[in-house]
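What follows is the residue order along each chain.
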Amino acid sequence: MASEIKKIAVFTSGGDSPGMNAAIRSVVRTCAYLGKECVGIYRGYQGMIEGDFKPMDARSVNNIINKGGTILKSARCEEFRTPEGRKKAYDQLKKEGVDAFVVIGGNGSFTGALKFNEEFGFPVIGIPGTIDNDILGSSYTIGFDTAINTVVDVIDKIRDTASSHNRLFFVEVMGRDVGHIALNAGVGAGAEEILIPEQNLGLERLLDSLKRSKASGKSSSIVIVAEGDKIGKNVFELKAYVEEHLPIYDVRVSVLGHMQRGGNPTCFDRVLASRMGVKAVESLLEGKSNLMVGIRDTKLVLTPLAEAIKAHTEVDEELIRVSDIMTT
Ligand code: ATP
């Protein structure tokens, strides 16, 4: 019942993403505003099992809206996958007097929350925090905007050096299963080709495209490669392949790696996180549970967690078309 919720826990789980701190801040301050107690749980489900809690008030979250990472730390926790582990977590929450929780994370974290609710009837709400933007039920996840801006920024710099030497660069970006980062940052940075997990362009088309680039007088070429690209070759294999078939190119590789997860969140991510935190707490207090807060057409929406975890988001076909036209 809504009126019975007096204390809400908040934690971050799975991979971290920029803007998680802004979401924590929002949950904590909304609780304070509405006269509810709030506790932070360190290290996600692992900290829940160990009872690693910290009471939080409005002042506990001063000066964190601009910080990347998560002040509550994040973790992966094998024990929470077992019924015994979840029972331990439940006992710790009860001991602390927690009535509901807000989990900031991705699909795995939501699956855990859903199981927890099924087993103990414990109210849970999810906030999507992941740079991959791969969660059904939200057009944007917290951290995605920051990540694509980071990638665009780096590619701009790579372009400077690539043009000076007439080089071809393969830039690997995150995205094992989805190509949202590659596609958006690729279009934003004017990449010549974008290789994503959802679409197999084929090596022939890549070579043709690079030949055309050279023939049209381009001084540099940048190919963005998502980690899980469908061609099935990693960036170093692609470099070897192109060097063998197109010796005119001086090929370099850049793997961006974890820098994509770091950095100060963009204003977009801070605002999104602030809005989602308010909605999460208000939803719990309205007696709602098993839902994820998302955004669609600038409006906040709630999606059943069971639906959100079902599948990955679809790739944006219109953006693929734009990318094709831009690389003419
Ligand atoms: P990311 O975007 O980084 O993948 P995520 O939330 O999907 O974020 P996971 O590592 O998949 O990250 O999950 C985080 C934690 O959620 C796991 O370490 C585990 O504790 C819990 N979890 C994941 N899947 C399950 C499951 N099927 N049952 C119970 N708990 C789970």
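Residues numbered from 1 in each chain as written. Predicted model: local features only at pLDDT ≥ 70, side-chain atom pairs only at ≥ 80, totals over all residues. Heavy atoms only, no water.

Thoughts on the domain arrangement of the chain
So, point 1. According to the domain assignment, the chain contains domain 1 (7-143 + 265-308) and domain 2 (146-261).
So, point 2. Averaged C-alpha coordinates put domain 1 and domain 2 at centres separated by 35 Å.
So, point 3. Taken together, the 12 residues of domain 1 in the interface contact 10 residues of domain 2.
So, point 4. Both faces considered, domain 1 and domain 2 share a buried interface measuring about 880 Å² in area, 55% of it formed by carbon and sulfur atoms.
So, point 5. Of all residues in domain 1, I131, D132 and T266 bury the most surface against domain 2, accounting for 50% of the area lost on that side.
So, point 6. Summed over the shared surface of domain 1 and domain 2, the result is 0 salt bridges.
So, point 7. Joining domain 1 to domain 2, the criterion identifies 5 residue pairs in polar contact (both at pLDDT 80 or more).
So, point 8. Residues of the side of domain 1 that touches domain 2, tallied by class, amount to 3 nonpolar, 5 polar and 4 charged. (Domains from an automatic or database assignment. Contact = heavy atoms within 4.5 Å. Buried area = accessible area lost by both parts, 1.4 Å probe. Salt bridge = Lys/Arg side-chain N within 4 Å of Asp/Glu carboxyl O. Polar contact = N/O pair within 3.5 Å; in protein donor to acceptor, adjacent residues only side chain to side chain. Nonpolar A, V, L, I, M, F, W, Y, C, P; charged D, E, K, R; others polar.)

Thoughts on the pattern of salt bridges
So, point 1. By the definition in use, this model includes 17 salt bridges.
So, point 2. Note that R43 and E50 form a salt bridge whose closest N and O atoms lie 2.8 Å from each other.
So, point 3. Residue classification places E50 among the partly exposed positions, given a relative accessible area of 43%.
So, point 4. Between R86 and E119 there is a salt bridge; the shortest N-O distance is 2.7 Å. Of this pair, R86 sits in helix α3 (residues 83-96) while E119 sits in helix α4 (residues 107-120), and the two are 33 residues apart along the sequence.
So, point 5. A relative accessible area of 4% places R86 in the buried class. (Buried < 20%, exposed > 50% of the residue type's maximum accessible area, 1.4 Å probe, protein only. Helix = DSSP H or I, 4+ residues; strand = E, 2+ residues; numbered from the N terminus.)

A short note on the site of the ligand
So, point 1. Taken together, 17 residues sit near the ligand, with G15, R76, C77, G108 and S109 positioned nearest.
So, point 2. At 2.7 Å, a backbone N or O of G15 approaches an oxygen atom of the ligand.
So, point 3. Note that an oxygen atom of the ligand is positioned 3.0 Å from one of the backbone N or O atoms of G106.
So, point 4. Relative to its unbound accessible surface of 620 Å², the ligand loses 84% to contact with the protein.
So, point 5. Judged by the proximity of its atoms to the pocket grid, the ligand belongs to the largest pocket.
So, point 6. Taken together, the residues of the shell around the ligand break down into 3 nonpolar, 10 polar and 4 charged. (Near = heavy atom within 4 Å. Areas by Shrake-Rupley, 256 points an atom, 1.4 Å probe, with all protein chains shown as cover. 1 Å grid on protein atoms, 1.4 Å probe; cavity = no way out; pocket = protein on both sides within 12 Å on 5 of 7 lines; lining within 4 Å. Sits in = over half its atoms within 2 Å of the grid points.)

Focus on unusual backbone geometry
With glycine set apart, most residues show a phi of negative sign, and most peptide bonds adopt trans.
So, point 1. Non-glycine residue N63 carries a positive phi angle of around 55°.
So, point 2. Tracing the chain through its elements places N63 in the loop between β3 (53-56) and α3.
So, point 3. The backbone of T298 shows a phi angle near 70°, a positive value even though the residue is not glycine.
So, point 4. Along the chain, T298 turns up in the loop between β10 (291-296) and β11 (299-304).

What to know about the environment of F120
So, point 1. In this structure, F120 sits in helix α4.
So, point 2. Sequence-wise, F120 and R86 are 34 residues apart; in three dimensions their C-alpha atoms are separated by 9.3 Å.
So, point 3. Ignoring anything within four residues of it in the chain, the contact list for F120 reads R86, K87 and Y90.

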